[in-house]
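# Examining the three-dimensional arrangement
Listed here are the chains, written in short residue letters.
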Amino acid sequence: MLREPLTVGMNAPRADAFTKVTGKEQYAADYYPPNLLWCGVKRPSYAHALIRSIDISRAKEMPGVAAVLTHKDISGSNRLGILEKDQPVLAEDTVRHYGDSIALVLAESRYTLQQALELISVEYEPLPAVFDPEAAMLEDAPVLHPGRKHAFLETEAGVAWLEDDGALVIVASTQTPFRDRTEISHALGIPSCRIRVIAPYLGGGFGGKDGITVQAFLALAAQHSGGRPVKMWYSREESFLAGTKRHPAILKYSLGCDQEGILHALDCRIVMDTGAYASLGCEVLALAMEHAGGPYRIPHASIEGIAVYTNNPVAGAFRGFGAPQAHAAIEQVIDELARIAGFDPLEFRLKNAVSRGDTTPSGVTLTQSTGILACLETARDSAAWRERERWESLAPPFKKRGTGIAAINHGIGYGPVIPDNANAKIELTGEGRLIIYAGVSDMGQGNAATYLQIAGDILSQTLDNMELVLPDTAQTLPSGSSSASRTTFTFGNALIGAAQALRKRILERASLLFTYQFFEHVRAEDLGLVPGHVRHIPTGREIHLSFVSTTMDQSERTAANSYTCPVNRQKPPTGGSLRIHGYPHRVYSFGVNLVRLEADILTGEVTVCDFIAFTDAGRIINPELFDQQVHGGIAQGLGYTLFEDFLVSEGRILTGDFGAYILPTALDIPDIQSIAIPLQEEDGPYGMKGVGEITINGAFPAVANALARVCKTRISSGPLTAEKVLAAISRNEVGKNR
Amino acid sequence: MMEIFFPDSLDELWAIMSANPGGAVMAGGTDLLVRIRKTGRKPPALFCLERIDELKQIRENEKVIFIGAYVTHQRLLENLTVQKRLRALWDAVSVLGSPPVRHSGTIGGNLCTASPAGDTLPPLYVFGAEVDIRSKSNKRSVSVAEFITGPGRTSLHSGEIVTRVSIPLPAPGTISRYYKAGKRKAMAITVASMAVQAKKDENGIIELIKLAWGSAGATVVTLPEAEEFLRGHTLSEERLRQAGKLVSAGVTPIDDIRGSAAYRRMVAGNLLLRLAHEN
Amino acid sequence: MKINFLLNGKETEIEIEPDRRVIDLLREECGLTGSKECCGAGECGACTILVDGESRLSCLMLAAQLEGREVITIEGLAKDGCFHVVQQAFVDYGAVQCGFCTPGMILAAVDLLRRNPTPSREQIREGISGNICRCTGYQKIVDAVYFASLALQGVN
Ligand SMILES: Cc1cc2nc3c(=O)[nH]c(=O)nc-3n(C[C@H](O)[C@H](O)[C@H](O)COP(=O)(O)OP(=O)(O)OC[C@H]3O[C@@H](n4cnc5c(N)ncnc54)[C@H](O)[C@@H]3O)c2cc1C
Ligand code: FES
Ligand code: FES
């Protein structure tokens, strides 16, 4: 396959796979610059307290300690934050959660670092702390959605150093290299132009590396390291403590339909606990509200959303960005209403699902491709759905079987106000190779490989003849974050323009070269690009791309293109500030998830037997990468549905490592059937829409709906653990005996 | 810094142990090294058992199998006698940790950690295993029940190590099983488990039954009254259900982040019902 | 303390504190950063290496334990510039996403195929059950290991 020109639609191999299977790929965590100093952070002993004093003297004197820094060593605003600048790099007089930062230590070894951190003594005056976002809301069994941790395998990591001219270089595992530069500049008072951020491949991100993690500490440390490089790499425990997590949410719903099963009214309220700092709390809430009514027509809807500060760990972006919480609620409520009103759950959804031109409950008019009906119809016709009752009746001893579905949607990109913009650059080298400068991080989703595929398609080149430059503020162009299902959607559109411009230039120059050779005017239309060469199609004569490149100078050998996504200009009737936070979207992906599961009535353990995902994420550039997103999103969804519980008590994390925070293993996830419903989307490159997040939204409600059939009752809070399932089953058995 | 020793024989081990007071014995390290990392407390020396051949042997005669303390879980899984005649123990190691944990972790380590969730313990109880203990100057054997004295506590004195576990081989026709409930299907600390050894006569009447529960109390829990209740009867679902009620009432589990006491009680009783469909 | 062992086929002598973890020895002293540390506590498998052919967790081993042993890390799996069958299958069947679990996962699969050259899908899932992957949902990894087992048996 390596010798074939890359083509959109093919299963092109991932360029990064070759270096990843040999261990040669260098992630941020793998940088060990010679003579480095290890950095670490002193964390508080209270969730909320005034800092009376910080005594760093003993730590400072310890042999092997190079520096101990506090907020006094910071000359900028000392405030981080993506939109809301409310998070100090190092605390001044207050700590607001256990993951806050008080002092930064630079030491020769990790061992010395640990000891020095313990030698720092801090005097506190504890303050009353708030842990419960809204205890008063707990009437009426609302759906409770606890926090979840990204648990990317590469914990937060990076290195930094000062160049000879004093400029700062940071290599970090980050989804947002360009925005990081601005944040650091603001917080530490270093001019942006003096900061270079490099983002190698990430060992996972899922939203947890959207924004600053270790970058600001590294920047500060590099300024006080006596010219030595500095390194920081969170342990798993520290990653749990200091990293962001999914917003815990309390969702309360009322939904009504008429006798024909047509939905009429929705009233819902979503309260999210954003923890000690805003991070992306308002944006996550806005997306949850936008998706609160699901992919349905509900003419009368009241959707209320509140994000509150507490002294809990900070919540931020996590794959799905609020939509999974909303779908967990609406899709269960839809199922319940269908049951109560006497409708088949799938037919009920079909009756009410939106199509292009309809308006969603949150008031968004759908002007773009809308595949929810197609997904529902395909699901309805599947054997798994048609034969579900028979399958359920064949449960082995001490098992009960259930089938559940969920219908989901997911907005693509940033929304109407923050420009969803990307800038692609592509270069023809003197050797005739192509370099794609990707300004968007690849956290594992394979967008970088897709960029090669798009450029390869347009320029008819093989993987062998192309290279990538990963995000580097000194080499690539600003292209926004690796998030919001936008990495291929937005950058892909930018890249198409750049690659086409370069193609046109190459063919024009080649036509001149052929003209000199043939002593006859050769037109560009007679030329074609083939791997490594330009061919004169009528004669079959070829010239090498390196020869073509000799006719260009550096500026001509590169082509750049800027692209900004079209937006939805609708103004919501109420909730004016929502637009700033990302509401509404223009393009949505859609999907239906169907799950068949078995619950053990002796232990409550749940085995997911089959999972089918029907997905309309537009046309497909690479089927294998598409399925990778489907499988991975669903596996994460099943993890948070069945196992993962980010337990916090009085602001302290109880499940703060991989021993206590239960992630699914290979034995816990079934083979997943991925069925694409690839509708053409005019906004997307090659008709595609984003598939990174739609895949995580459906697992929870689909499983919950299947379990409701098994238990004959609903479990109101996630995760749906064996213990809760067994309790629900036995509640019901007891009821039967009565 | 910890000093690390690799004695080749028990004699060498005794000499090193007495020269380095305060040191700790290390077998596979899957509990010990995790504990050291978590607490940050390093013993001054580690005495590694991995090069003492005597501790790695598995020997057997018609009546008893002798398993060296340094036999890894992986080797137990591969052992034919364990597979065929000590099925409950085989079941237990097959769901213990993960393949690499089983490559390092040993039966001696599992015993000495004495966790109420230790997966080999309930099977060793129902088989009536004996623990062989040695020190420089002494040799003794105790039953597993005497060996485990509390959560994380054993009857080992300082200077003593476990050298092997002896398990009487059940009579032909005896069945044994281990059932485990955990938070996921691999790498799961037991939330509740049960080991059983039973023998039925030709009419399916229980002649002999031994039961033991994991994660259901401070140590492994045995309930003679439940065994008594089942002896002399067939294992009908109804009988098992009633016995299960005795079990739920008899076990003494705790609440922790993995499960509530109430859940563990219920599961401990329910696991008995699995016997209704075993032959 | 000096330790002698065979590292990816090369006789290696290293001066190191005996109680340093093997993962640190590999990453920090030998520059072999293919072995990853993701939990440090045996719970993720990302640090898996082969010691005398068996999969072991390098975060739960001390440097001194390597004396006289044969160690293979992900960097030593390819022979003469050719991928091991399992590596090739991971590329071909799309088993790699972020790739941070990949080295450990591949070595776990190699260990499994040594113990059981003809595993079923379920046995493959069990064989890699000590290795957490947060990206792939495991399915394509299972595909890759399955097809690698066929390739090793000479089935095409
Ligand atoms: C990821 C992971 C998953 C796990 N899953 C399970 C599980 O599912 N079920 C389960 O039961 N356990 C589990 N464990 C715990 C552990 O693997 C087992 O308890 C294992 O059997 C311990 O054996 P070891 O040889 O590694 O013990 P070590 O860690 O070497 O030793 C444990 C303790 O016993 C002492 N010791 C060891 N051998 C002797 C001896 N011969 N004489 C005297 N003292 C001795 C040591 O000093 C130490 O205090 C898991 C561990 C990890 C890291
Ligand atoms: S780092 Fe060794 S198992 Fe996770
Ligand atoms: S590919 Fe990312 S963790 Fe497995």
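Scope of this entry: the structure provided in the associated data block. (Residues numbered from 1 in each chain as written. Chains lettered and ligands numbered in written order. Predicted model: local features only at pLDDT ≥ 70, side-chain atom pairs only at ≥ 80, totals over all residues. Heavy atoms only, no water.)

For chain B, the count of helices and strands is 12 helices and 13 strands. Oriented by its inertia axes, the alpha-carbon framework of chain B measures out at about 60 × 45 × 30 Å. Residue pairs in contact within chain B that sit at least 24 positions apart in sequence constitute 59% of those at least 6 positions apart. When the accessible surface of chain B is totalled, it reaches about 11,400 Å², and 51% of it is carbon and sulfur. In chain B, the 36 positive side-chain charges and the 28 negative ones have mean positions that sit 6 Å from each other. (Helix = DSSP H or I, 4+ residues; strand = E, 2+ residues; numbered from the N terminus. Contact = heavy atoms within 4.5 Å. Areas by Shrake-Rupley, 256 points an atom, 1.4 Å probe, with all protein chains shown as cover. Lys, Arg positive; Asp, Glu negative; His and termini not counted. Charge placed at Lys NZ, Arg CZ, Asp CG, Glu CD.)

This paragraph deals with the overall build of chain C. When you go through chain C residue by residue, the secondary structure sums to five helices and five strands. Taking 15 Å as the expected radius of gyration for a compact globule of 156 residues, we find that chain C reaches 15 Å, a close match to that expectation. Dimensions of chain C along its principal axes, counting C-alpha atoms only, are 50 × 30 × 25 Å. Put simply, chain C has 156 residues, and 67% of those count as buried. Within chain C, contacts between residues separated by at least 24 positions form 55% of all contacts whose residues are at least 6 apart in sequence. A total of about 5,000 Å² of accessible surface is found on chain C, and carbon and sulfur atoms cover 48% of it. When the 15 basic and 21 acidic side-chain charges of chain C are each reduced to a single mean position, those positions are 6 Å apart. (Rg over C-alpha atoms; globule rule 2.2 N^0.38 Å. Buried < 20%, exposed > 50% of the residue type's maximum accessible area, 1.4 Å probe, protein only.)

Before going further, it helps to spend a moment on empty space enclosed by the protein. Residues and elements named next belong to chain A. Under the criterion given, the structure shown has nine cavities of 30 Å³ or more. Roughly 410 Å³ of internal volume is contained in the largest cavity. Around the largest cavity, the lining is made up of 31 residues, and of these Gln-87, Ile-212, Thr-213, Ala-242 and Thr-244 lie nearest the centre. Along the lines of polarity and charge, the residues of the lining of the largest cavity split into 12 nonpolar, 13 polar and six charged. Taken domain by domain, the lining of the largest cavity gets at least three of its residues from each of domain 2 (31-242) and domain 3 (249-415 + 571-737). Quantified by volume, the second largest cavity comes out at close to 90 Å³. Along the wall of the second largest cavity there are 14 residues; nearest its centre are Ile-412, Gly-415, Cys-565, Pro-566 and Arg-586. By residue class, the composition of the lining of the second largest cavity is eight nonpolar, four polar and two charged. (1 Å grid on protein atoms, 1.4 Å probe; cavity = no way out; pocket = protein on both sides within 12 Å on 5 of 7 lines; lining within 4 Å. Points joined across faces, edges and corners; volume = space filled by probe spheres on them. Nonpolar A, V, L, I, M, F, W, Y, C, P; charged D, E, K, R; others polar. Domains from an automatic or database assignment.)

Let us now look at the packing of helix α8 (residues 323-341) of chain A against helix α9 (residues 345-352) of chain A. Residue and element names in this part refer to chain A. Direction vectors running N to C along α8 and α9 enclose 110°, while the axes themselves pass 9 Å from each other. In this view, α8 runs roughly perpendicular relative to α9, as classed from their interaxial angle. Counted together, Glu-331, Ile-334, Asp-335, Leu-337 and Ala-338 of α8 and Pro-345, Phe-348 and Arg-349 of α9 form the full contact between these two elements. Of the residues in the contact of α8 with α9, the class split is five nonpolar, no polar and three charged. (Axes fitted to C-alpha atoms, helices over the stretch in contact; angles between N-to-C directions. Parallel < 35°, antiparallel > 145°, perpendicular 65-115°, else oblique.)

Turning our attention to the side chain of Ser-549 of chain A. Residue and element names in this part refer to chain A. With respect to the secondary-structure elements, Ser-549 resides in helix α15 (residues 545-549). Residue classification places Ser-549 among the buried positions, given a relative accessible area of 3%. Among all residues touching Ser-549, those that are not within four sequence positions of it are Leu-428, Thr-429, Gly-430 and Arg-557.

Quick look at the site of ligand 1 now. Lining the immediate surroundings of ligand 1 are 35 residues, of which Val-25, Thr-30, Asp-31, His-73 and Thr-106 of chain B lie closest. With respect to ligand 1, its neighbouring residues span chains B and C. A distance of 2.8 Å separates an oxygen atom of ligand 1 from a polar atom in the backbone of Gly-29 of chain B. Here an oxygen atom of ligand 1 and a side-chain polar atom of His-73 of chain B are 2.7 Å apart. When ligand 1 is considered free in solution it has 980 Å² of accessible area, and contact with the protein chains removes 92% of it. Residue assignment for the shell around ligand 1 shows that the elements contributing at least two residues are β2 (24-26), α2 (32-39), α7 (107-113) and β10 (161-168) of chain B. Among the elements that make up the shell around ligand 1, the one with the highest residue count is α7 of chain B (five residues). Residue classes in the shell around ligand 1 are distributed as 17 nonpolar, 13 polar and five charged. (Near = heavy atom within 4 Å. Polar contact = N/O pair within 3.5 Å; in protein donor to acceptor, adjacent residues only side chain to side chain.)

At the junction of the two partners, chain B supplies 24 residues and chain A supplies 29 residues. Taken over both partners, the interface formed by chain B and chain A buries close to 2,100 Å², and the fraction arising from carbon and sulfur atoms is 57%. Here chain B is connected to chain A by three salt bridges. A salt bridge links Asp-657 of chain A to Lys-38 of chain B; the nearest nitrogen and oxygen atoms lie 3.6 Å apart. If you look at where chain B meets chain A, you find 10 residue pairs in polar contact (both at pLDDT 80 or more). The leading source of residues in the side of chain B that touches chain A is helix α12 (residues 261-271) of chain B, at five residues. (Buried area = accessible area lost by both parts, 1.4 Å probe. Salt bridge = Lys/Arg side-chain N within 4 Å of Asp/Glu carboxyl O.)

A few words now on the interface of chain C and chain A. Note: interface size is frequently given as the accessible area lost on complex formation between the parts. Between chain C and chain A, the residue contacts involve 44 residues of the former and 52 residues of the latter. When the area that chain C buries against chain A is broken down by residue, the three leading residues are Gln-97, Phe-100 and Arg-134 of chain C, summing to 21%. Remark: the boundary between chain C and chain A carries seven salt bridges. As a salt-bridge pair, Arg-110 of chain A and Asp-24 of chain C come within 3.0 Å of each other at their nearest N and O atoms. At the surface where chain C touches chain A, the tally comes to 27 residue pairs in polar contact (both at pLDDT 80 or more). Those elements giving two or more residues to the side of chain C that touches chain A turn out to be α1 (22-29), α2 (85-92), α3 (102-115), α4 (121-127) and α5 (139-152) of chain C. A class-by-class count of the residues in the side of chain C that touches chain A yields 18 nonpolar, 11 polar and 15 charged.

A few words on the nonpolar core. Grouped together as the largest cluster of nonpolar side chains are 119 residues, with contacts concentrated most on Ile-120 of chain A together with Phe-90 of chain C. If you tally residues by element for this core, the top one is helix α18 (residues 699-711) of chain A, at nine residues. Every residue in contact with Ile-120 of chain A, bar those within four places of it in the chain, is listed here: Lys-42, Ile-54, Asp-55, Ile-56, Ala-59, Val-68, Ala-103 and Val-105 of chain A. (Core = buried A, V, L, I, M, F, W, Y, C linked by side-chain atoms within 4.5 Å.)

Let us look at the pattern of salt bridges. Throughout the structure, instances matching the rule amount to 66 salt bridges over all chains. Residues Arg-194 of chain A and Asp-165 of chain A are paired through a salt bridge, measuring 3.8 Å at the closest nitrogen-oxygen approach. Linking Arg-194 of chain A in the loop between α4 (177-188) and β12 (195-198) with Asp-165 of chain A in the loop between β10 (157-162) and β11 (168-172), this pair joins segments that are 29 residues apart in sequence. Residue Asp-165 of chain A is classed as exposed on the basis of its relative accessible area of 51%. Between Asp-335 of chain A and Arg-349 of chain A there is a salt bridge whose closest N-O contact spans 2.7 Å. With Asp-335 of chain A in helix α8 and Arg-349 of chain A in helix α9, the pair connects residues that are 14 residues apart, well separated along the chain. This pair shows no difference in class: Asp-335 of chain A is buried, exactly as Arg-349 of chain A is. Here the salt bridges do not stand alone but share partners, grouping Arg-110 of chain A together with Glu-17, Arg-20, Arg-21, Asp-24, Glu-28, Glu-29 and Glu-37 of chain C into one network.

A word on the packing of helix α11 (residues 237-250) of chain B against α12 of chain B. All names here are of chain B. Packing of α11 against α12 leaves a shortest axis separation of 7 Å and a crossing angle of 150°. What the angle tells us is that α11 and α12 run roughly antiparallel. Seen along the crossing, α11 lies across α12 with a hand that is right-handed. Each of Gly-244, Val-247, Ser-248 and Ala-249 in α11 lies in contact with α12, whose residues at this interface are Arg-265, Met-266, Ala-268 and Gly-269. Residues of the contact of α11 with α12, tallied by class, amount to four nonpolar, three polar and one charged. (Left-handed = near helix turned anticlockwise from the far one by under 90°.)

Moving on: the sheet that holds strand β2 (residues 49-55) of chain A. All names here are of chain A. Across the sheet, three strands lie side by side as β6-β2-β8; this open sheet has antiparallel pairing. Only two strands of the sheet have a single partner each, and these edge strands are β6 (94-95) and β8 (121-126). Pairing between β2 and β6: two bridges, direction antiparallel. What sits directly across from Ala-49, in β6, is Val-95. (Pairing = 2+ DSSP bridges.)

Here the focus is a nonpolar patch on the surface. On the surface, Leu-83, Val-417, Ile-418 and Ile-580 of chain A cluster together into a nonpolar patch covering about 330 Å² of accessible area. With respect to the helices, strands and loops of the structure, Ile-418 of chain A is situated in the loop between β17 (399-411) and β18 (421-428). (Patch = residues over 30% accessible without salt bridge, like charges linked within 9 Å, V, L, I, M, F, W, Y side chains within 5 Å.)

Attention now goes to the sheet that holds strand β25 (residues 588-600) of chain A. Residue and element names in this part refer to chain A. If you walk across this open sheet you meet the four strands as β17-β25-β26-β29, and the pairing is mixed. If you trace the sheet from one side to the other, it starts and ends with β17 and β29 (672-676), each paired once. Averaged over neighbouring strand pairs, the angle between their axes works out to 15° when direction is ignored. Sheet contacts for helix α10 (residues 372-381): β17, β25 and β26 (606-616); angle to β25, the most-contacted strand, approximately 30°.

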